[in-house]
Amino acid sequence: NPYLKPDVRTYTTVMKAYVDDPARNGGDKCLELLDEMGQKDLRPDDRTLAVAMDACVKSGKTRDAERLLRGVDDSKKTRVMFNTLLSGYKREGRGEEAEGLIREMIVLSEERGFGMCSPDNVSFGLCIDAWGSSEGYCISRATSLLNEVLERYKAGDEQCKPTVGLFHTTASAITHSDAPDKLKQVVSLFADMEKMGLKASLFAFNIIIKTCSLVGPEEKIDALQVAASTFNSLEAAGTRADSVTYTSMIHAVKNLIDDPEERTRALTGTFKQCCEEECLNQHIIDTLSESLNDRDFVTVTGLSLEHGTPRIEGLPTSWRSRATTEQN
């Protein structure tokens, strides 16, 4: 029956089923399906290739995704294809290759007239993320790319409209770098974001507190003040702390307060508030257990170590993170 003969749409639909199922080796399966299409003289369209590339990237086969993109005529390439490959570079921390791909997109769209290849804010965000996971010049490149997005938007490129996510990605890259003034850079970055009318989310508060916990000895006093004021401003900003917030605050207190008694008091208060706000999870318990001696752990948490590190399942439900409670 010729009406039951699979067509390009059929193969594309089957490939989509493999994209989010790494257990099935989706990348290999999609490559096999592309070969099968070739044997049947079926030419994959741009959507089929984009799906196959996505499957390859999510299966850790970024090189195969590269090969597929290179096999497409420049006039048929799309932003979706490029962004899919950029997501692979992001996963692998290949900042230099990611930025090279951005430059290729700009050449194709602005010099050769293939508008469907123009980079958007997602493209730049993925590239910044790739640099943030790369060795080398991730800070200078990440901030430079953010500035490039802003300039493109000012010049009228609506596809590059800045988003909160772009600032989050750049801030994260700065935080995980070895920049000596990382806290100053992150605080300044979010100040600029708010000036543009973009509202800071909980992620912004969390990343500032985390950055505070990573500063050098000469910045401890200022960083502690920034962490405390950031934490105390959550309610006024219309948000509330989560487990990540408390994890970052615990690290900040541990690393920024040198006096043992003052540090223990601060940790005790932070832990108590964490429990009262139902934000406790196993990671927080493990963090305290690994970083404190037994006596201080018991003092801070009020929990016994008689049977080893306490498990979250054995603690009052009212203490636990809402996410943890939902999972159990």
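Just above, that's the structure.
I will try to describe carefully the structure that is included in this document. (Residues numbered from 1 in each chain as written. Predicted model: local features only at pLDDT ≥ 70, side-chain atom pairs only at ≥ 80, totals over all residues. Heavy atoms only, no water.)

**Section: the nonpolar core**
Here's step 1: Ranked by size, the top nonpolar core spans 94 residues in total, and within it Met15, Leu34, Leu86, Phe167, Phe190, Leu280 and Leu288 carry the most contacts.
Here's step 2: Broken down by element, the residue count for this core peaks at eight residues, all from helix H3 (residues 46–58).
Here's step 3: If near-sequence neighbours (up to four positions away) are discounted, phenylalanine 167 is found in contact with Leu146, Leu150, Pro162, Leu189, Phe190, Met193, Met196 and Leu198. (Core = buried A, V, L, I, M, F, W, Y, C linked by side-chain atoms within 4.5 Å. Buried < 20%, exposed > 50% of the residue type's maximum accessible area, 1.4 Å probe, protein only. Helix = DSSP H or I, 4+ residues; strand = E, 2+ residues; numbered from the N terminus. Contact = heavy atoms within 4.5 Å.)

**Focus on unusual backbone geometry**
Here's step 1: The backbone of aspartate 41 shows a phi angle near 60°, a positive value even though the residue is not glycine.
Here's step 2: Here aspartate 41 lies in the loop between helix H2 (26–39) and H3.
Here's step 3: Look at glutamate 278: it is not a glycine, yet its phi comes out positive at around 60°.
Here's step 4: With respect to the helices and strands, the residue glutamate 278 is situated in the loop between helix H14 (260–276) and helix H15 (282–291).
Here's step 5: Overall, glutamate 278 belongs to the partly exposed group, its relative accessible area being 34%.

**A look at H14**
Here's step 1: Here H14 spans 24 Å end to end across 17 residues, near enough to the 24 Å set by a 1.5 Å rise per residue.
Here's step 2: Inspection of H14 places Thr264, Leu267, Thr270, Phe271, Cys274 and Cys275 among the buried residues, and these make up the whole buried set. The arc enclosing the buried residues of H14, seen along the axis, measures out at 130°, which places them on a common side. Of the exposed residues in H14, the ones pointing more than 90 degrees away from its buried face are Glu261, Arg265, Lys272 and Glu276.
Here's step 3: The elements touched by buried residues of H14 are helix H13 (243–256), H15 and helix H16 (294–301).
Here's step 4: The N-terminus of H14 is capped by aspartate 259, whose side-chain oxygen sits 3.2 Å from the backbone nitrogen of glutamate 261.
Here's step 5: Glutamate 278 lies just past H14 and shows a positive phi near 60°. (Expected span 1.5 Å × (residues − 1). Arc of directions from axis to C-beta. Polar contact = N/O pair within 3.5 Å; in protein donor to acceptor, adjacent residues only side chain to side chain.)

**What about the pattern of salt bridges?**
Here's step 1: Applying the stated criterion across every chain, the model contains 22 salt bridges.
Here's step 2: A salt bridge links arginine 112 to aspartate 74; the nearest nitrogen and oxygen atoms lie 2.5 Å apart. You can see arginine 112 sitting in the loop between helix H6 (95–111) and helix H7 (121–132) and its partner aspartate 74 sitting in the loop between helix H4 (62–70) and helix H5 (79–92), a full 38 residues away along the chain.
Here's step 3: Accessibility expressed as a relative area gives 46% for arginine 112, which makes it partly exposed.
Here's step 4: For the salt bridge of arginine 152 with aspartate 157, the shortest nitrogen-to-oxygen distance reads 3.4 Å. Grouping residues by exposure puts arginine 152 and aspartate 157 together as buried.
Here's step 5: Here the salt bridges do not stand alone but share partners, grouping Arg63, Glu66, Glu92, Arg94 and Glu97 into one network. (Salt bridge = Lys/Arg side-chain N within 4 Å of Asp/Glu carboxyl O.)

All we've got here are geometric facts, nothing functional implied.
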